[in-house]
Amino acid sequence: MGKNLNPKTVSAAALLCAGMLVFSGFSKEATSAELLNSASENMAGIGSFTGNMAMELAMTGEITEGQKGTVTMELDIDMEVTQDPEAAHINGNIGMSVLGTNMSVDMENYTVAEGDDYVSYTLVNGLWSKEHTEGNSAGSEITAFKDLASDADAFEISQEPVQVNERDCYELRGKFGAENLLGLLDSAGDAADSIEDIMGDVEVGLSKVPVTVCIYADTLMPALLEIDFTEAMQWAIIASEDNTEDVSLDKFRFAITYDSFDDVDEIVVPEEAVKATASTETTEMSTEAAGTQPAAGTEKLPTIETEKAAPASDTGWQTYEVLFNNTKIILPCDFAELKALGYTLDEDTDPEYIVNKGEYEYGYLADKNGALISVDFLNTTDGPLSIPECKVASIGSDDWFLEGSKMSIVYPGGITLGSTKEEVLSAYGNPQDAYEGDSITSMYYYNSDSYRNGMDITIDNETGKVSGITIRKFE
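Please read all numbers here as calculations on a predicted model, not as lab measurements.

Colleague: Could you give an account of the pattern of salt bridges, naming the residues involved and the relevant values?
Modeller: Within the structure shown, the criterion is met by 8 salt bridges. For R167, the salt bridge goes to D218, with nearest N and O atoms at 3.0 Å. In this pair, R167 sits in strand β9 (residues 167-177) while D218 sits in the loop between β10 (208-216) and β11 (222-228), placing the two residues 51 residues apart along the sequence. Judged by its relative accessible area of 27%, R167 falls in the partly exposed class. Here D456 makes a salt bridge to R472, at a shortest N to O gap of 3.0 Å. On the criterion of sequence distance, the pair formed by D456 in strand β26 (residues 450-460) and R472 in strand β27 (residues 465-472) is long-range, its members being 16 residues apart. With respect to class, D456 is no different from R472; both count as buried.

Written out as structure tokens, the structure is:
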């Protein structure tokens, strides 16, 4: 199809759930502006809430060469959120249907505050992964929904009550500017970025998006939030210059139901999730794209000894040196250093994208033959920077993305793609964590000063050789 369904849909759903469950009760006599302005204030007094999110997505286009069909995706997730401390727990199912073949996966996610940052733990197919974000990912930006009042004239209060969870509810219906809505969702947890990841580089322009808010009549608490992006995205795809393969969006809807309030005492990340991800702290898709994600159903390797992380040093993998055809690059480095070697931003990386102070963005660089390496663009300054102005804090390579490359890439200690497990252990010693799956073995190195500085090695169990490497230095 012309537009691929992106795995970040799961992240978008989680962020939408956590970021948009913020409406509270109001009286039918109030104006739309008053209702929307008071929503965040009322919700701020709630210590916790539970709910459910459903998403429906359907696209039609060419799935395989010469064969047109419809791809559908459905998401059904239960969630609970606490405000102090800020945390979210979601648990549910994602289903997909392609050409009559149905696929389904269960997923669970915990998002919690750790210091000034937020950490997300996700369980899919028996594997826990960890993602570090700088910013609010647990949905605490509850006041952001007052921004809906800026378009309050577009909303009307229905004259007749509606039913949600078999209870009478007030209903507020209208259309909100699509660009404003995406900006609102972004301030409420970066969900706008995830929605854009679902649909690709389409512009919603001046489209209006139908939004419905229902409020329990007996308690004046939120009951339902519905957002229908279908029409806005349909026009966006039609207008997109990239839509050369006759792709259409048939449905793109969200529905969040609020079930109860102040019923959750505390959300605690399971110990198994913390242990399983002790060595990983990556941006979205970083380990997956670099081929270093532990395989599903992994268990601690009995054949590889692990050892406690030691303080930072300048030996072994901690030299942070990578040789490109014998040219030495030391992380973090300037993007210009890699550009001088012939690397350019890949076609999906926007050079004008702004990375804020202390944040980072995952992406790819392509050599002249189209082979890719993965990188993290890190902003170490006190102001905003475009991606080319950022430091490169990580470099990753694997057999798949480097196919066809004529560039020799050598990591500290002479380790390259194709090195053996024994050569890795000889160069770096025992890892701090190791996991083994049916097809790959993963080894994780880091020092005691920061998990953000480390090295991940993936070994193909069939060949016994290194198939993926990522090295990073953020601090």
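Okay, back to it.
Colleague: Please set out the sheet that holds strand β14 (residues 321-324) residue by residue, giving values where relevant.
Modeller: Read from one edge to the other, the open sheet built from 3 strands follows the order β15-β14-β23, with strand pairing classed as antiparallel. The strands lining the two open edges of the sheet, one partner per strand, are β15 (327-330) and β23 (409-410). Where β14 lies against β15, 4 bridges are found, and the strand directions are antiparallel. In the sheet register, E321 faces β15, and the bridge partner there is I330.

Colleague: Would you mind going over the layout of surface pockets in detail, with residue names and values included?
Modeller: Empty space within the second largest pocket amounts to approximately 160 Å³. The element that contributes the greatest number of residues to the lining of the second largest pocket is strand β25 (residues 440-447), accounting for 3 residues. Of the residues contributing to the lining of the second largest pocket, the split by class is 6 nonpolar, 7 polar and 2 charged.

Colleague: Please set out a negative patch on the surface residue by residue, giving values where relevant.
Modeller: Taken together, E74, D76, D78 and D259 make up a surface patch of like negative charges. With 3 residues, strand β2 (residues 67-83) is the single largest residue contributor to the negative patch. Along the chain, E74 falls in strand β2.

Parameters and conventions
- Residues numbered from 1 in each chain as written.
- Predicted model: local features only at pLDDT ≥ 70, side-chain atom pairs only at ≥ 80, totals over all residues.
- Heavy atoms only, no water.
- Salt bridge = Lys/Arg side-chain N within 4 Å of Asp/Glu carboxyl O.
- Helix = DSSP H or I, 4+ residues; strand = E, 2+ residues; numbered from the N terminus.
- Buried < 20%, exposed > 50% of the residue type's maximum accessible area, 1.4 Å probe, protein only.
- Pairing = 2+ DSSP bridges.
- 1 Å grid on protein atoms, 1.4 Å probe; cavity = no way out; pocket = protein on both sides within 12 Å on 5 of 7 lines; lining within 4 Å.
- Points joined across faces, edges and corners; volume = space filled by probe spheres on them.
- Nonpolar A, V, L, I, M, F, W, Y, C, P; charged D, E, K, R; others polar.
- Patch = residues over 30% accessible without salt bridge, like charges linked within 9 Å, V, L, I, M, F, W, Y side chains within 5 Å.
- Areas by Shrake-Rupley, 256 points an atom, 1.4 Å probe, with all protein chains shown as cover.
- Lys, Arg positive; Asp, Glu negative; His and termini not counted.
- Charge placed at Lys NZ, Arg CZ, Asp CG, Glu CD.

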